[in-house]
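Descriptive structure summary
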Number of protein chains: 2
Amino acid sequence: MALTLEQIAAHLNLLAKPPGSLGRWEELAARLCFIQQSLQPEVRPAELVIFAADHGVVAEGVSLWPSLVTTVMAEQIALGGSVSGVLSDLYEIPRRVIDVGTKTAPELKNPMLIDRRVSAGTKNLATESAMTIEEFDKAWRSGVDEAIESRHRGAKTMILGEMGIGNTTSASCLGVLLANIGVAQAIGQGAGATDDSLRKKRDVVEVASHRAKTLWGETPKLAIAEVAGFEIVAMAGFMVQAAEQSQTILLDGVIATAAALVAEAMSPGCVKCMIAAHQSAEPAHRLMLAHLGLTPMLDWSMRLGEGTGALALFPLLEGAAAWCTRTASISSIAHRLL
Amino acid sequence: MALTLEQIAAHLNLLAKPPGSLGRWEELAARLCFIQQSLQPEVRPAELVIFAADHGVVAEGVSLWPSLVTTVMAEQIALGGSVSGVLSDLYEIPRRVIDVGTKTAPELKNPMLIDRRVSAGTKNLATESAMTIEEFDKAWRSGVDEAIESRHRGAKTMILGEMGIGNTTSASCLGVLLANIGVAQAIGQGAGATDDSLRKKRDVVEVASHRAKTLWGETPKLAIAEVAGFEIVAMAGFMVQAAEQSQTILLDGVIATAAALVAEAMSPGCVKCMIAAHQSAEPAHRLMLAHLGLTPMLDWSMRLGEGTGALALFPLLEGAAAWCTRTASISSIAHRLL
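Predicted model only: the values in this text are computed from it and were never measured. Residue numbers run consecutively from 1 along every chain, following the written order of its sequence. Chains and ligands are labelled by the order in which they are written, letters from A for the one and numbers from 1 for the other. Note on the predicted model: pLDDT of at least 70 is required for a residue's local features to be given, and 80 or more for side-chain atom pairs to be given and counted; whole-chain, interface and lining totals, by contrast, use all residues. Excluding hydrogens and water, the side-chain values take into account all heavy atoms of the structure.

Moving on, we get to the overall build of chain A. Where helices and strands are cited, they refer to DSSP runs of H or I of at least four residues and of E of at least two residues respectively, numbered from the N terminus. Along chain A, the regular secondary structure elements total 14 helices and six strands. The quantity called the radius of gyration is restricted to C-alpha atoms. Its globule counterpart is 2.2 Å times the number of residues to the power 0.38. Taking 20 Å as the expected radius of gyration for a compact globule of 338 residues, we find that chain A reaches 20 Å, a close match to that expectation. Dimensions of chain A, computed from the C-alpha atoms along their principal axes, are close to 75 × 40 × 35 Å. Whether a residue is buried, partly exposed or exposed follows from its accessible area with a 1.4 Å probe, protein chains only, as a fraction of its type maximum: under 20%, in between, or over 50%, in that order. Relative to its full complement of 338 residues, chain A shows a buried share of 63%. Contacts between residues were defined by any pair of non-hydrogen atoms, one from each residue, lying within 4.5 Å. Of the contacts made within chain A by residues no fewer than 6 positions apart, 75% connect residues no fewer than 24 positions apart. In this description, accessible areas are obtained by the Shrake-Rupley approach with a 1.4 Å probe, and a residue is regarded as covered only by the protein chains that are shown. With an accessible surface of roughly 11,500 Å², chain A has 55% of that area assigned to carbon and sulfur atoms. In this tally, Asp and Glu contribute negative charge and Lys and Arg positive charge; neither His nor the terminal groups of the chain are included. Charged side chains are reduced to one point each, which is NZ for Lys, CZ for Arg, CG for Asp and CD for Glu. The average position of the 28 basic charges and that of the 35 acidic charges among the side chains of chain A differ by 4 Å.

Dropping the structure here:
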């Protein structure tokens, strides 16, 4: 018999605190209990999995950074020099960086940096399909396989992140395609932008998302492949598999949420295992989360990616698991009050 | 030569991430660097110090809970059965519970539960001075002594909390007295309320804060003593001493912030060492924080007290210290991008 949200709320109200006094922390605890179907949820082992890939669309001038940054930062994440690497060390969360298609393959040999390259970046989605169906399937399978491996290692909480110069353009297209967001609202500054790069981004998203929409009737997969990135598709595959395995998925920012839209489109219902860690500075993010029925926990205007927003929430998720499991019950101390 | 906010911002912009991309996490890191006057801030050792005391004003029916709850929960905090106790264990933060005047002295003998009792609770502030000047000084001194001891133990971050049935009434009076908040805005539901208890609370705050205001001309201390609580005065004394010792003070909710108002009134400038961990569900809290020039980091509608809101922010403060110290600089990876 399934544990209901009402039963979870009743449990939280038996703890030695005024009912509801932990506010949204109770909402977080309740969602975790519901995902794990347990009043004693466990968040560890947790893993940080970062998917990295490049985007042909950077040829359009939509990003201020060169594609090589994807490779260099993928290496830094593995080495622990990135913000996400520092945080995963601090919070004692093992990390893996999955190269699903950087333009320049990493030089670094490191056990945390895994080669699952589909190809050297997507095609330019401004003018052609970002990937073929075969490439979509290969990227998806990378994510599924990673999720299966994580389950074999016993992982309960999956913190997913990405690195991919140009990928906010792809995410914007997916927001338009899968969450009915208007093009103007779908565009943000990403990792940095000028008026010129924003205008180019807007023009590209307008054209490419329209093209993708016309393909929806054939198959949704074809429409998604038209504008997606390898790291987004891999993350979506991971999410679908992780949800089947009843793992808890901590969503990061606008790219991870674009992947969640893809996951939900391909396998409706998998959103039930997701927790929206934060609301990013990207304007499309709130609309995407609303489309998925998720309410973000932190609102710190972060826009770094690499899973950093999801990492920020992790110790608070762990806190929720701890207090909802270990706090004394009112009944255990009631005799002292007589 | 002092480290300026501009120098700190320049340092954060040299790290391997888009400038400003960590949003409010950068604001938190910058404030921590500024308090510690270091670009490599350290947050540990950290300590949780909870002051507990009772309030004669509960005789007016302002709270739904009996004073004995203060004693029982003080014991539970020490034992680790309260939410704050669970979190301090999880986040590996040693805790101390300082009894500065519970109505019923704790039965528990425990090294984490310290007896610094001023008396068995304050007088009923609805009808008379909550405490004498001698009692104010004794409570204040308890806080100062605790801060000095914490410094001897090397503590860098002080997480302050409180337990005291009836203390939101006292905090509301202090908000009216010290932050010019209107009586209607100063009243919230505290740990739980009915229409009847809220009406009583409002009437009491109206009368008592007016009485306190008339005493301000004699000395501020006399006015504060008229409506304060022992745990609030002790916490204020702690804050003033901790600020002199350049420790970082994590503010919890409306009671801790009332103590911060007292601290700032008694020793202007000590707010520079404070960080507002969260915005509580109490309506007066935002106004008090604004009066102090502080912007809360979390907004989760918490209203438990016991330092739980400050504990929630601690791992994120630790995260800020970590990423601003250990993230690779752009210059260290720039050669890879050529």
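Still more ground to cover, so stick around.
Let us look at the relation of the copies chain B and chain A. Relating one copy of the chain to the other takes a rotation about an axis and a shift parallel to that axis. Copy-to-copy superposition: least squares on the C-alpha atoms, limited to residues that have pLDDT of at least 70 in both copies. Of the transformation placing chain B onto chain A, the axial shift is 0.0 Å and the rotation is 180 degrees, giving an RMSD of 0.0 Å. What the rotation and shift describe, once combined, is the action of a two-fold rotation axis. Taking C-alpha positions as the reference, the residue of chain B nearest the rotation axis is B:Pro315, at 3.2 Å. A share of 100% of interface residues in chain B that are also interface residues in chain A marks the association as one of identical surfaces.

To continue, consider the interface of chain B and chain A. Counting from both sides, the interface comprises 51 residues of chain B and, opposite them, 51 residues of chain A. Reported buried area values correspond to the accessible surface (1.4 Å probe) lost by two parts on association, with both partners' losses combined. On the chain B side of the contact with chain A, B:Trp25, B:Trp300 and B:Arg336 bury the most area, a combined 17% of that side's loss. Any carboxyl oxygen of Asp or Glu that lies within 4 Å of a side-chain nitrogen of Lys or Arg is treated as forming a salt bridge with it. If you look at where chain B meets chain A, you find four salt bridges. With a closest N to O distance of 2.9 Å, A:Arg336 and B:Glu75 form a salt bridge. Nitrogen and oxygen atoms within 3.5 Å of one another constitute a polar contact, given that in protein one can donate a hydrogen and the other can accept it, and given that sequence-neighbouring residues count only through two side-chain atoms. Linking chain B with chain A are 16 residue pairs in polar contact (both at pLDDT 80 or more). Mapped onto the side of chain B that touches chain A, the elements with two or more residues apiece are helix H2 (24-36), helix H3 (68-79), helix H4 (83-90) and helix H13 (308-326) of chain B. Broken down by element, the side of chain B that touches chain A gets its largest block of residues, 10 residues, from H13(B). Under the scheme applied here, ten amino acids are nonpolar (Ala, Val, Leu, Ile, Met, Phe, Trp, Tyr, Cys and Pro), four are charged (Asp, Glu, Lys and Arg), and all others, including Gly, are polar. Among the residues forming the side of chain B that touches chain A, the class breakdown is 31 nonpolar, 11 polar and nine charged.

This part covers the packing of helix H6 (residues 167-179) of chain A against helix H8 (residues 195-215) of chain A. All names here are of chain A. Whenever a helix is involved, its axis is fitted only over the stretch in contact; in every case the axis is a line through C-alpha atoms, and angles between N-to-C directions fall within 0 to 180 degrees. At a closest axis distance of 9 Å, the pairing of H6 and H8 adopts a crossing angle of 45 degrees. By the angle class used here, H6 and H8 are oblique. Relative to H8, H6 is oriented so that their crossing is right-handed. Residues Thr168, Thr169, Ser172, Cys173, Val176 and Leu177 of H6 touch H8, and the partners they reach there are Lys201, Val204, Val205, Ala208, Ser209, Ala212 and Lys213. The scheme is simple: roughly parallel for angles under 35 degrees, roughly antiparallel for over 145, roughly perpendicular for 65 to 115, oblique for anything else. In this scheme the crossing of two helices becomes right-handed for a clockwise turn of the near helix relative to the far one and left-handed for an anticlockwise turn of less than a right angle.

Turning our attention to unusual backbone geometry. It is generally the case that most residues other than glycine have a negative phi and that most peptide bonds are trans. Here the amide bond leading from A:Arg44 into A:Pro45 is cis, since omega sits at 0 degrees, within 30 degrees of zero. Following the sequence through the fold, A:Pro45 ends up in the loop between helix H2 (24-36) and strand S1 (46-53). A positive phi angle, near 55 degrees, is found at A:Glu92, a position not held by glycine. With respect to the helices and strands, A:Glu92 occurs in the loop between helix H4 (83-90) and strand S2 (95-101). Given the relative accessible area of 62%, A:Glu92 is considered exposed. The backbone phi angle of B:Ser246 is positive, close to 60 degrees, even though this residue is not glycine.

Turning our attention to the environment of B:Ala225. All names here are of chain B. Tracing the sequence through the fold places Ala225 in helix H9 (residues 220-227). For Ala225 and Cys33, which are 192 residues apart along the polypeptide, the C-alpha to C-alpha distance reads 35 Å. Those residues within four positions of Ala225 in sequence are excluded, and the remaining contacts are Ala130, Met131, Ile133 and Phe136.

The final tally for this structure, using the stated rule, is 42 salt bridges over all chains. Ionic pairing is found between A:Asp196 and A:Arg199, a salt bridge with its closest N-O pair at 3.2 Å. Highlighted residues: A:Asp196 and A:Arg199, both in helix H8, separated by three residues, approximately one helical turn. Overall, A:Asp196 belongs to the partly exposed group, its relative accessible area being 36%. Residue B:Glu149 pairs with B:Arg96 through a salt bridge whose shortest N-O separation is 3.3 Å.

All names here are of chain A. Most of S2 is tucked away: seven of the seven residues are buried. Relative to S2, S1 is paired through six bridges, and the arrangement is parallel. The residue of S2 that forms the bridge with Ala53 is Gly101. Two strands qualify as a pair provided that DSSP identifies no fewer than 2 bridges between them. As paired strands, S2 and strand S3 (residues 113-115) are joined by three bridges and run parallel to one another. Residue pairing in the sheet places Ile98 in a bridge with Ile114 of S3.

Inspection of the secondary structure puts B:His55 in the loop between strand S1 (46-53) and H3. Dropping the residues within four chain positions of it, B:His55 is found in contact with B:Thr122, B:Gly164, B:Ile165, B:Gly166, B:Asn167, B:Ser170, B:Gly229 and B:Glu231.

All names here are of chain A. If you walk across this open sheet you meet the six strands as S3-S2-S1-S4-S5-S6, and the pairing is parallel. Two strands in the sheet have a free side with no partner beyond their single neighbour: S3 and strand S6 (274-276). Direction aside, the axes of adjacent strands within the sheet are offset by 25 degrees on average. Packing against the sheet, H2 makes contact with strand S5 (248-251) and S6, and its axis sits at approximately 165 degrees to S6.

Any residue range with low pLDDT should be treated as having predicted coordinates unsuitable for detailed reading. Model confidence for chain A is summarised by a mean pLDDT of 96, while 99% of its residues fall at 70 or above. Here the complex is predicted with pTM 0.97, and the ipTM for its interfaces comes to 0.96. Each residue gets a pLDDT score, which is the predictor's confidence in that residue and runs from 0 to 100.

A few words now on helix H10 (residues 230-244) of chain B. Residue and element names in this part refer to chain B. Helix length check: H10, at 15 residues, gives a terminal C-alpha distance of 21 Å against a target of 21 Å (1.5 Å per residue), a fit within 8%. H10 sits mainly inside the fold: 14 of its 15 residues count as buried. Directly after H10, the chain includes Ser246, whose backbone phi takes a positive value near 60 degrees. Helix span, expected: 1.5 Å multiplied by one less than the number of residues in the helix.

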